[in-house]
Amino acid sequence: MKRTIFPKLLGGYLLFGILGFFVVSTMTSYFSFQYIKKNEVSNLYKEANLISSDYAVSYYSDTITLEDFKQRLKALNVYLAAQIWVIDMNGNILVNSASSLDNTGSEVISDFNINEFKNRYYQSGYFYGYFKEEHLSVYAPISVNYKVKGYIIIHKPLDSLITQNNGFLMIAYITLAVLFICAFLLLAFFTFTIILPIKKITKAANEYALGKFEHPVDVQSNDEIGYLAASLTYMAAELNTLEEDQRKFVSNVSHDFRSPLTSIKGYVEAMLDGTIPMEFQEKYLNIILFETERLNKLTTSLLELNKYGKRGIMLDITKFDVNHTIKMTAQTFEGVCKEKRLSFELILTGQTLYAFADMDKIQRVIYNLIDNAIKFSPADSVITVETTVKNEKIFISVKDRGIGIPKESIGKIWERFYKSDASRGKDKKGTGLGLAIVKEIIQAHKENINVISTEDVGTEFIFSLPLYQTEDE
């Protein structure tokens, strides 16, 4: 079974929750505790300095009594939730705010050494084994007349800091839970707006691969997913007609090859078995020659079209007179025009009009367009060929007053071997490749060709060529 995107997103979502809990419980816990500890040390240090510079100095200067000093430290003990000591240089605890006021007995910290604080003004631990729980101890020296008499040491239990840190962690966990819920909502949003539509598109693509082009893509949105679904639906509609177009293409090609081959085979067999008398053989040999030329024209046109369809087609770009090319091309149809009683109307800009293109290939374009116009023009009508200049471009128009092209066939006339139903009965000699060749040649010149047609009124083909610019211009 193939893996889908949803399990990956769900796994990522769960991994996000696990990693988030791990980060909060470790890194966030550590850094928040260090922040609380650092902030508490700073506050206690300020208090220790205030006590040292005010109460302690007043006591050592006999400004206040010992009882007043103890009373004030007792009040600060309650305010700071910490023990406040006055300790001398030898480790004797002179005043302890946690002791009763009538306790005059002194305690000694035998291993006390202020140098163990090193370059810091605090330490954490059991303070030489005095406490059973870890405390944060902050000291400040008591200086009287520039001489250190002792130290103010404030001890605060680390449990209070841990409790405070746990409060911050609870906020962090709640925030993480909210983020986890938001991530879940985001996962649900992506599931309904992206994953499910993609599944529908994938299912439709699989159905199309099996040839079931009628399968709908039920995705309605105005984003890239909706555009993809619409494009897939359009592709399915086009593919749905592909089989019919292929049958029509094969039918057209088969008809264009089979009809002359059937005629040739039939007439040759009739002459060989004597069905056609000797005196009539010349007539049927001319028919065979005509059909042979038709086959030759078909294969030549197809080979030429394949050559034009390749990338990097070689063009012999030169300066040539478009007006002269049109006149010479029109003269080649003089016999056919007399036979069908057709006439040309040449509306040419200037005596000469120079284009910068491949003259031979452009002459082929003009020839094919005029030939196409003659095939579908009624007797006693006029074919108009016109040249105009606009925005450094030459526009060449070939217009007939023929049967026109049905609207449903306008977009298909450039396809190889395509012949509309209306034209098939009239176009006995056509190969269905003329307009395809025209399109390839014009595109090779990086120019455009358009068609305007109305049924029973006529058709006009217009294409552009680059105007030759002289140095004076």
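Residues numbered from 1 in each chain as written. Predicted model: local features only at pLDDT ≥ 70, side-chain atom pairs only at ≥ 80, totals over all residues. Heavy atoms only, no water.

Trainee: Would you mind showing me how to read the overall build of the protein here?
Mentor: Within the protein, the regular secondary structure consists of 11 helices and 13 strands. Across the 473 residues of the protein, 36% fall into the buried class. When contacts within the protein are restricted to residue pairs at least 6 apart in sequence, those whose partners lie at least 24 apart make up 66%. (Helix = DSSP H or I, 4+ residues; strand = E, 2+ residues; numbered from the N terminus. Buried < 20%, exposed > 50% of the residue type's maximum accessible area, 1.4 Å probe, protein only. Contact = heavy atoms within 4.5 Å.)

Trainee: Looking at this model, I keep getting lost on the packing of aromatic side chains. Mind explaining?
Mentor: How two aromatic rings sit relative to each other is set out by the distance from centre to centre and by the angle between their planes. A full pass over the atoms with the stated rule returns 16 aromatic pairs. On the basis of an interplanar angle of 80 degrees and a centroid distance of 5.6 Å, the ring pair of Trp85 and Phe127 is categorised as edge-to-face. With Trp85 in strand β1 (residues 83–88) and Phe127 in the loop between β4 (122–125) and β5 (135–144), this pair connects stretches of sequence that are 42 residues apart. Both residues of the pair, Trp85 and Phe127, belong to the buried class. Through successive ring pairs, a cluster of aromatic residues spans Trp85, Phe112, Phe127, Tyr128, Tyr130, Phe131, Tyr139 and Tyr151. The aromatic ring of Tyr354 is capped on one face by Lys319, whose charged end is 4.4 Å from the ring centroid. (Phe/Tyr/Trp six-rings, centres within 6.5 Å; stacked < 30°, edge-to-face > 60°. Lys NZ or Arg CZ within 6 Å of the ring centre and 35° of its normal.)

Trainee: Explanation requested: the pairing of strand β10 (residues 382–390) in the structure shown.
Mentor: Each regular strand displays side chains that alternate between the two surfaces of the sheet. Examined bridge by bridge, strand β8 (residues 343–347) and β10 share five bridges and lie parallel to one another. Residue pairing in the sheet places Leu346 in a bridge with Val385 of β10. Of the strand pairs in this sheet, β10 and strand β11 (residues 393–400) are connected by seven bridges, and their pairing is antiparallel. Looking at the pairing, Thr387 lines up with Ile396 of β11. (Pairing = 2+ DSSP bridges.)

Trainee: Looking at this model, I keep getting lost on helix α7 (residues 322–331). Mind explaining?
Mentor: Here α7 has its buried residues at Val322, Asn323, Thr325, Ile326, Thr329 and Ala330. The arc that holds the buried residues of α7, viewed along the axis, is 160 degrees, so those residues lie on one side. Where α7 begins, one side-chain oxygen reaches toward the backbone nitrogen of Asn323, 3.1 Å away; that side chain belongs to Asp321. (Arc of directions from axis to C-beta. Polar contact = N/O pair within 3.5 Å; in protein donor to acceptor, adjacent residues only side chain to side chain.)

Trainee: Explain a nonpolar patch on the surface here, please?
Mentor: On the surface, a nonpolar cluster with roughly 450 Å² of combined accessible area is contributed by Ile5, Leu9, Leu186, Phe189 and Phe190. Of all the elements in the fold, those that place two or more residues in the nonpolar patch are α1 (5–60) and α3 (158–209). Ranked by the residues each element gives to the nonpolar patch, the list is headed by α3, at three residues. Tracing the backbone through its elements, the reader meets Phe190 in helix α3. (Patch = residues over 30% accessible without salt bridge, like charges linked within 9 Å, V, L, I, M, F, W, Y side chains within 5 Å. Areas by Shrake-Rupley, 256 points an atom, 1.4 Å probe, with all protein chains shown as cover. Salt bridge = Lys/Arg side-chain N within 4 Å of Asp/Glu carboxyl O.)

Trainee: Looking at this structure, I do not really get the nonpolar core. What am I missing?
Mentor: Proteins that are soluble and globular tend to have nonpolar side chains buried together. Within the largest apolar cluster, 35 residues are counted, with the highest numbers of intra-cluster contacts made by Val322, Ile362, Leu369, Ile394, Phe461, Phe463 and Leu465. Looking at this core, the elements with two or more residues in it are α7, β9 (354–358), α9 (359–375), β10, β11, α11 (434–444), β12 (449–454) and β13 (458–466). Sort the elements by how many residues they give to this core and α9 lands first, with seven residues. Aside from chain neighbours lying at most four places away, what touches Leu465 is Val322, Ala355, Ala357, Ile362, Lys393, Ile394, Ile396 and Glu447. Ile36, Ala48, Leu73 and Ala82 belong to the second-largest nonpolar core, a separate cluster that totals 25 residues. (Core = buried A, V, L, I, M, F, W, Y, C linked by side-chain atoms within 4.5 Å.)

Trainee: Looking at this structure, I do not really get the packing of α3 against helix α4 (residues 224–240). What am I missing?
Mentor: For the pair α3 and α4, interaxial distance at closest approach is 10 Å and the crossing angle is 10 degrees. Of the possible angle classes, the one that applies to α3 and α4 is roughly parallel. Each of Thr193, Pro197, Ile198, Ile201, Ala204, Ala205 and Tyr208 in α3 lies in contact with α4, whose residues at this interface are Ile225, Leu228, Ala229, Leu232, Met235 and Ala236. (Axes fitted to C-alpha atoms, helices over the stretch in contact; angles between N-to-C directions. Parallel < 35°, antiparallel > 145°, perpendicular 65-115°, else oblique.)

Trainee: Where do I start with the pattern of salt bridges in this structure?
Mentor: Where side chains of opposite charge bring their charged atoms close, a pairing between them can arise. Here the structure, examined in full by the defined rule, presents seven salt bridges. Among the salt bridges present, the one from Glu269 reaches Lys265, with a minimum N-O distance of 2.7 Å. In this pair, Glu269 and Lys265 both sit in helix α5 (residues 242–272), four residues apart, roughly one turn of the helix. You can call Lys265 exposed: its relative accessible area is 51%. In this structure, Asp380 engages Arg341 in a salt bridge whose closest nitrogen and oxygen atoms are separated by 3.0 Å. Of this pair, Asp380 sits in the loop between α9 and β10 while Arg341 sits in the loop between α8 (334–340) and β8, and the two are 39 residues apart along the sequence. The class of Asp380 is exposed, set by a relative accessible area of 55%.

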